[in-house]
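Tertiary structure, described
If you want the building blocks of each chain, they are given just below.
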Amino acid sequence: MQTPKLRLLILPLLLVAAAGCSLVSNGKRPEPAPAEPQEEASPAAARPMPWEVWPRFKSLSGQPLLNREILYGDELRESGRNNTALDAYLKASRMSLSPEEAEAAALRVAGQYLILNKPTKALSVVGSFYRKRGEDESKVSPEFGLLLAYGFGGEGDTSQSLAWFGRVNSQSLAQGGGSAPARQGTMLLLRSLQTDELEKAATKWHADEFINGLIGQERALRAAPGWVEPAKQAGVPFWASYDPSLSVAPERSSAPVTDDQVKVGAILSLAAKYGPVGPDMKRGIELAAAAQAQLPKVSLEVRDVSADAADSSAVVRQLASGQQVSVIIGPLGSAAANTAREIGVPLLSLSKTEPFGVGGGVFRLGMTPSSQVEALVNTAYGELKLTKFAIVHPQTPAGTEFLEAFRSRLGELNLPLVLEVGYSTGDEVSMLEAAQRLEASGAEAVLVPDSVEVSSRLLTGLSPEFRKGVRVLGTSAWDSVDKIARSQALFSRAIFVAPFFKNSTRPEVQDFISSYRAKFNAAPSVHSAQGFDAQTVVNAALVVAREKRLPVQDALQRLPQYNGVTGVILPGSTGELHRILYVVEVGATMFQEKLPPQQVQRYDEVIAMRGNEPVAADGESAPLEADQKVSSGY
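Regarding the overall build of the chain
If you tally the helices and strands in the chain, you get 22 helices and 17 strands. Contacts in the chain between residues at least 24 apart in sequence constitute 68% of all its contacts with a sequence separation of at least 6.

This is the structure we're talking about:
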């Protein structure tokens, strides 16, 4: 996704000279104007606003301000006399000020214009401030960037507002600060959008970890019973609902790691009724924890929980307080993540559903539909040069998730979606109709986000001629060589996501399989591999945290790329760990694992015509350098 270009709004702001400072043509002073009624103090109007991130009576660097008008304005602001405070700040801005005082005055003038719901004037003040300094958008500080985010949002420019909130978040994290102000503003803006506007923003910002994570939180909120669509109210700014007492709490940092041994919590559902997922993940986590060769050594605190979200949240509190764990792995739900964020313990979730809130010490390592779709589309388009895509999906929540992710990825690359059709798994007629529509679509590649068994039933409804010409794309649900091998001719030339390909020739996969068999006398599953990768990432973060005396969440954000058992993992600044998943191409007699191209350009930017045929530029892969890998620690 290409982030919209950031811009400043530079408009002339006419400042009226103070009465009594000008002379009439005859040299006489004018009669004094009638005194205006003094503005009443108002506790309600004195509430702090979310963009006011500067200290009262001080400069941004924390030095006491000496300009009398700025100090007077701050006193007025504290009592809620906002119009009079603006007058004082404007008066100060016309004086000869030091750079720090000029900065303080500009911040306050723009902030007051937002308080008075005059966003265009606020934008103009910020633009004029940087124009006088001869600086452009790249020089805007987080404090002024926050004002721009609110100003553009107040004008109804959602795209620019989100772009500035995202930039403020990145700047704050890079400077070692918290992202609470940017998160708060983004959430206020998203909450004010009607559902169709929110979904447009979701499509546009799907690849942005910070914005996308908060959109997921907003979607989850709207799915709750009793939610009401926000009403359009002319003249009411999106921050009108802001309540300082309910605002996002500053992100808490855990203490730096200093000991030679630390505790890591693992929260999993281990009961037989929940299947083998939890026990398999537990064994993978245990294998990686035992392989930690560097200090600090890891002691696991494993907890078995039910499917009740409150149970997971309670265990998070127990581990954070009683056991004093440095980080927690495992729980899938948002409730546990919110609890971890609230009490300040880092948490690495294995959730793979799209609407999941990251940030504030909460990270996610799940293989989402988006990461799977990205791998498939990048391979089909970036490597094979296919440009006409279709999706035939089950009419289930999972099918809908893949449909939305597929639409979004194709939209980012400007690739045509020539067909989207759903079917009922138990209805052979609907599956046959879907197959017939697919043949008539002219698609070059089709995504079938269903199991191998169901996909084979769908493929048998296609003519042999069409099957030879189309590339079928499968999700991680296909990751079973044995099942595909039974119908290898039917799946010939198909490509599927393989988060854990047991026949891989990659050394890290074969080493993991050998180590797992030696320890547990069993073959590992994809869930074992995911648990192993999660703990290996935590191991690396603990080492960095101890060496550099950092909180664990800060260390997690600074890790290099990790070429893991389940694919390449790229830690990010917001908590969404980006996954580059391997894919497998089905041949006539063999399976070939490959890493999809990563540098994939938009279709309209790279397509040229050769005669009547479109020709695309080559996609480029992104191999990892040796010093960019995190050791698996076998």
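Now that the structure has been shown, the text picks up again.
Observations regarding helix 20 (residues 526-548)
The end-to-end C-alpha distance of helix 20, which contains 23 residues, comes to 33 Å, matching closely the 33 Å that a straight helix rising 1.5 Å per residue would cover. A large share of helix 20 lies buried, amounting to 18 of its 23 residues. Where helix 20 terminates, the next one or two residues include Arg-549, which has phi positive at roughly 55°.

A closer look at the nonpolar core
Core analysis: the largest hydrophobic core is formed by 57 residues, its most contacted members being Trp-51, Phe-144, Leu-147, Tyr-150 and Trp-239. Among the elements that make up this core, the one with the highest residue count is helix 3 (residues 99-115) (eight residues). Aside from chain neighbours lying at most four places away, what touches Phe-144 is Glu-103, Ala-106, Leu-107, Val-126, Phe-129 and Tyr-130.

Remarks on the environment of Ala-207
Note that Ala-207 resides in the loop between helix 8 (195-204) and helix 9 (209-222). Each C-alpha atom of the pair Ala-207 and Glu-412 lies 8.8 Å from the other, and the pair is 205 residues apart in sequence.

Observations concerning the packing of helix 5 (residues 142-154) against helix 7 (residues 180-192)
The N-to-C vectors of helix 5 and helix 7 enclose an angle of 5°; their axes lie 11 Å apart at closest approach. Judged by the angle between their axes, helix 5 and helix 7 are roughly parallel. Contacts between helix 5 and helix 7 involve Leu-146, Tyr-150 and Gly-153 from the former and Pro-181, Ala-182, Gln-184, Gly-185, Leu-188 and Leu-189 from the latter. Classifying every residue of the contact of helix 5 with helix 7 by side-chain character gives six nonpolar, three polar and no charged.

Quick notes on the environment of Ser-456
Tracing the backbone shows Ser-456 in helix 16 (residues 452-459). In this structure, Ser-456 is in contact with Leu-490 and Phe-491, ignoring residues within four places of it in sequence. For Ser-456, the side chain forms a polar contact with the main-chain oxygen of Glu-453, separated by 2.6 Å.

What about the sheet that holds strand 1 (residues 261-268)?
Either a parallel or an antiparallel arrangement is found when strands of a sheet pair, and the pairing is made through backbone hydrogen bonds. Read across the open sheet, the five strands follow the order 2-1-3-4-5; overall the sheet is parallel. Pairing within the sheet leaves two strands with one partner each, and these edge strands are strand 2 (297-304) and strand 5 (362-364). On average, adjacent strands in this sheet sit at an angle of 25° to one another, irrespective of strand direction. Pairing between strand 1 and strand 2: eight bridges, direction parallel. From the neighbouring strand, Ile-267 faces strand 2, where its bridge partner is Arg-303.

Some details on the confidence of the model for the chain
Chain-level statistics for the chain give a pLDDT mean of 84 and a share of 86% at 70 or above. Contacts for the low-pLDDT stretch residues 10-35, under 50 throughout, to residues beyond four places or in other chains number 19 contacts. Across residues 605-634 the pLDDT falls below 50, and counting only partners more than four positions away or on other chains, this stretch makes 55 contacts in the model.

Structural notes on the pattern of salt bridges
Under the counting rule described, the total for this entry stands at 22 salt bridges. Note that Glu-286 and Lys-282 form a salt bridge whose closest N and O atoms lie 2.6 Å from each other. Note that Glu-286 and Lys-282 are positioned in helix 10 (residues 277-290) at a spacing of four residues, about one turn of the helix. Its relative accessible area of 23% is what places Glu-286 among the partly exposed residues. Judged by its relative accessible area of 25%, Lys-282 falls in the partly exposed class. Its salt-bridge partner being Glu-428, residue Arg-457 comes within 2.6 Å of it at the nearest N-O pair.

Focus: the side chain of Arg-108
Along the chain, Arg-108 falls in helix 3. Discounting residues that sit within four places of it in the chain, Arg-108 has contacts with Trp-54, Pro-55, Arg-56, Phe-57, Lys-58, Leu-65, Ile-70, Asp-74 and Tyr-89.

Quick notes on unusual backbone geometry
For the bond from Leu-295 to Pro-296, the omega torsion is 5°, close enough to zero to count as cis. Tracing the backbone through its elements, the reader meets Pro-296 in the loop between helix 10 and strand 2. Backbone geometry at Asn-414 places phi at a positive 60°, although glycine is not the residue there. Among the secondary structure elements, Asn-414 is positioned in the loop between helix 14 (397-413) and strand 7 (417-423).

Section: the pairing of strand 14 (residues 583-586)
What you see with strand 14 is no split at all: Val-583 and Glu-585 on one side and Val-584 and Val-586 on the other are buried throughout. Where strand 10 (residues 495-497) lies against strand 14, three bridges are found, and the strand directions are antiparallel. Bridging across to strand 14, Val-497 finds its partner in Val-583. Note: strand 14 against strand 15 (residues 591-594), four bridges, orientation antiparallel. If you follow Glu-585 over to strand 15, its bridge partner there is Gln-592.

What to know about the sheet that holds strand 8 (residues 445-448)
Read across the open sheet, the seven strands follow the order 7-6-8-9-10-14-15; overall the sheet is mixed. Here the strands that pair on one side only, and so sit at the sheet edges, are strand 7 and strand 15. Along the sheet, successive strands turn relative to each other by an average axial angle of 20°, direction set aside. Sheet strands in contact with helix 13 (residues 369-383) are strand 6 (389-394), strand 8, strand 9 (471-474), strand 10, strand 14 and strand 15, and its direction is about 150° off that of strand 10. Packing of helix 14 onto the sheet brings it into contact with strand 6, strand 7 and strand 8, and relative to strand 6 it is tilted by some 165°.

About the cut-offs
Residues numbered from 1 in each chain as written. Predicted model: local features only at pLDDT ≥ 70, side-chain atom pairs only at ≥ 80, totals over all residues. Heavy atoms only, no water. Helix = DSSP H or I, 4+ residues; strand = E, 2+ residues; numbered from the N terminus. Contact = heavy atoms within 4.5 Å. Expected span 1.5 Å × (residues − 1). Buried < 20%, exposed > 50% of the residue type's maximum accessible area, 1.4 Å probe, protein only. Core = buried A, V, L, I, M, F, W, Y, C linked by side-chain atoms within 4.5 Å. Axes fitted to C-alpha atoms, helices over the stretch in contact; angles between N-to-C directions. Parallel < 35°, antiparallel > 145°, perpendicular 65-115°, else oblique. Nonpolar A, V, L, I, M, F, W, Y, C, P; charged D, E, K, R; others polar. Polar contact = N/O pair within 3.5 Å; in protein donor to acceptor, adjacent residues only side chain to side chain. Pairing = 2+ DSSP bridges. pLDDT = per-residue confidence, 0-100. Salt bridge = Lys/Arg side-chain N within 4 Å of Asp/Glu carboxyl O.

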